[in-house]
Number of protein chains: 2
Amino acid sequence: MAIRPAEQLIHKAAWLYYAHGLRQDEVANQLNISRASVAMYLRKARETGIVNISTSTQLFTDDVMARRLEDALKLDAVWIAPENAYLADPSTDIAVLAASVFLELVRKGDRIGVAWGRTVYTIADIMSYADLQDVTVVQLCGNLGAPYSYRPDQCTMEIARRLNAKGLNFYAPLVLSTEDLAQGLRAEPVIRDQLAGISDCDLALYSIGAVDADSHLVKCGALTAAEMAALRREGAAGVIAGQIIDAGGELLDCSYNRRVISAGLASLRVIGKRLMVVQEDSKFEPLLAAIAGGLCTHLVVGARMAQRLLDHAGTSAEKAS
Amino acid sequence: MAIRPAEQLIHKAAWLYYAHGLRQDEVANQLNISRASVAMYLRKARETGIVNISTSTQLFTDDVMARRLEDALKLDAVWIAPENAYLADPSTDIAVLAASVFLELVRKGDRIGVAWGRTVYTIADIMSYADLQDVTVVQLCGNLGAPYSYRPDQCTMEIARRLNAKGLNFYAPLVLSTEDLAQGLRAEPVIRDQLAGISDCDLALYSIGAVDADSHLVKCGALTAAEMAALRREGAAGVIAGQIIDAGGELLDCSYNRRVISAGLASLRVIGKRLMVVQEDSKFEPLLAAIAGGLCTHLVVGARMAQRLLDHAGTSAEKAS
DNA sequence: ATCCAAATTTGACTTTTGTCGAGAGCCGTG
DNA sequence: CACGGCTCTCGACAAAAGTCAAATTTGGAT
């Protein structure tokens, strides 16, 4: 009899194994199934978030540098991934840390805003599963028909899937060709409601984009490399949730920004916990801009970036005094 | 070089193993130690709550009976442990479930009140470890020089230890020989402060005691079997946090109660989440009294007890109509 | 300075767990 | 009603994790 292995059975196996501490063969006896099946159920239980294995991220905030950064940048919490210390690929380390931090920040009943980018998708990809049924994951910005797998809607959905949460997608393109059209679309009830709902979020997850030819905006055809370079000369310092900000962390006054459908910076700043994750060292200036603009309260970075931020804060303070 | 295996090293090993998903031998390579040491560190990490393995208790609330009980008894949540379904000893099952539920209810920064009894100690004993450094566990009632290992202060400390939390003990006996002395002691600043602090708790954990010769109050010499029997005739229905309540869940007007140093029922009722755990079927009436008195918002019981409660609620409702 | 007790580390061994392909039951379809 | 596709299950093997006693190191006491 090969009945669909009811959630119930998975749950029972997980309970006996993890809560009661029985061995797999003991569980198998209890449930009258083979030990191999038990092993499979347990894997499923882990994958569906019925059991939850989390490791404390204390170590990474306990760092002295993290504390100093919190003070210097006026952030609520900073986590620093030790560069090259553990693994060959430091960016994976940052993503793994970010995923753990993210899961630690999520609370039951939360509404979570998610932006997009390679970093965000990497985090989604390595994030472990959790059972947060009353959580809602909302997309922070419109979609791009990207050739990559980390489209905005995919980032949102993947994270929702991992959390067993509800995913709310944005059914609009990120950039339109005219300002009028963008304005009209923003006024559409469906879109307007979703944009309005962003400020109700309890937690936001995003990274920051650089203003160069490697930007996803260029790669996805939203802007040409030349346009990007021009924007840079006009003061563009970074890209957040598809929008271009200046060095002060304010929206740059440009046609592109007016054609974008995305979470306004004001809505973002209202969100209680704004988790920013930065992997690449090259994103130093963009990150400074985002911090200046108050777009992040919680920060996950690598050790090298942390050092640079600290040095910068030090010299700024000196100049000021 | 056998340096004290700094917390740091345990943390790193746990991180690589659980967060990054490396194998133990890979971790051993990374950290330049033997795999055996890694295995030991990982056990320590689990025991100190650096890693946290929890299994969802959904299954036990999803039960239809649990839902009906919540409605019938006006409780916030009910968990039902399937009797005899899983293991030989059903009371263990209830305790394991209670421990999981308890850990699920604790939040960072919480203040937790803990009473005492065999049930509470059993829960403490099988509870897994967690890393909740900013949690405070306070003792709800005075101490008894009991010949058992589940003295009030031990229950409190054991739970605090498991949680890596701060434990606050009560430095007073549970019962005094005269009412005057009890009153005087209650007015002592140290004691008064602690009693006052009880209503600040976010979560309470207790069971209910029966009014019979088997009661711990009798076994520990606080009352004689004859006195207990007399109290029973006077309307005593149960024992909670060392105090005797009547069938309506109110403090029984008796000398014993006036000589007790413990959390007043009013203070208890102020606590947001009051988790009551009952293992023995014999505690049906005491439990009814506690529920009637609004002393519990969250309940963990076995299936048989749940059925009895439901039947009782049904017949009460019939009578009323 | 030297020794002792306690704690840590390790290699070797045992137990437990993960995985794979074969086989069996279920279900919709032709 | 037979057929294929599907998923679930199981036995057996391989891999990984747990354990133990002996060896080593540490820190403190004499």
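I will try to describe carefully the structure that is included in this document. (Residues numbered from 1 in each chain as written. Chains lettered and ligands numbered in written order. Predicted model: local features only at pLDDT ≥ 70, side-chain atom pairs only at ≥ 80, totals over all residues. Heavy atoms only, no water.)

Let us look at the interface of chain B and chain A. Each side of the interface is counted separately: chain B has 34 residues, and chain A has 34 residues. Taken over both partners, the interface formed by chain B and chain A buries close to 3,000 Å², and the fraction arising from carbon and sulfur atoms is 64%. For the interface between chain B and chain A, the tally reads zero salt bridges. When contributions to the side of chain B that touches chain A are tallied by element, the ones reaching two or more residues are α1 (7-19), β1 (51-55), α4 (58-62) and α6 (90-105) of chain B. A per-element tally of the side of chain B that touches chain A places α1(B) first, with eight residues. Within the side of chain B that touches chain A, the residues separate by chemical class into 16 nonpolar, 13 polar and five charged. The pairing of strand β1 (residues 51-55) of chain A with β1(B) spans five bridges and is classified as antiparallel. Its bridge partner lying in β1(B), A:T55 is registered against B:V51. (Contact = heavy atoms within 4.5 Å. Buried area = accessible area lost by both parts, 1.4 Å probe. Salt bridge = Lys/Arg side-chain N within 4 Å of Asp/Glu carboxyl O. Helix = DSSP H or I, 4+ residues; strand = E, 2+ residues; numbered from the N terminus. Nonpolar A, V, L, I, M, F, W, Y, C, P; charged D, E, K, R; others polar. Pairing = 2+ DSSP bridges.)

Attention now goes to the packing of helix α9 (residues 179-187) of chain B against helix α10 (residues 189-197) of chain B. Residue and element names in this part refer to chain B. Put simply, α9 and α10 touch, their axes get as near as 5 Å, and they point 75 degrees apart. The angle between α9 and α10 falls in the class roughly perpendicular. On α10, the residues touching L185, R186 and A187 of α9 are P189, I191, R192 and L195. Considered class by class, the residues forming the contact of α9 with α10 number five nonpolar, no polar and two charged. (Axes fitted to C-alpha atoms, helices over the stretch in contact; angles between N-to-C directions. Parallel < 35°, antiparallel > 145°, perpendicular 65-115°, else oblique.)

Residues A:R107, A:K108, B:R107 and B:K108 make up a contiguous surface patch of positive charge. Looking at the element boundaries, A:R107 is found in the loop between α6 (90-105) and β3 (111-114). (Patch = residues over 30% accessible without salt bridge, like charges linked within 9 Å, V, L, I, M, F, W, Y side chains within 5 Å. Areas by Shrake-Rupley, 256 points an atom, 1.4 Å probe, with all protein chains shown as cover. Lys, Arg positive; Asp, Glu negative; His and termini not counted. Charge placed at Lys NZ, Arg CZ, Asp CG, Glu CD.)

What follows deals with the sheet that holds strand β2 (residues 77-81) of chain B. Residues and elements named next belong to chain B. Taken in spatial order, the seven strands of this open sheet run β2-β10-β9-β6-β3-β4-β5, and their pairing is parallel. Two strands lie at the open edges of the sheet, namely β2 and β5 (166-168), each paired on one side alone. Sheet twist, expressed as the mean angle between neighbouring strand axes with direction ignored, is 20 degrees. With four bridges connecting them, strand β3 (residues 111-114) and strand β4 (residues 136-139) associate as parallel partners. Residue pairing in the sheet places G113 in a bridge with V138 of β4. Across the face of the sheet, helix α8 (residues 152-163) comes into contact with β3, β4, β5 and β6 (203-206) while running at roughly 175 degrees to β4.

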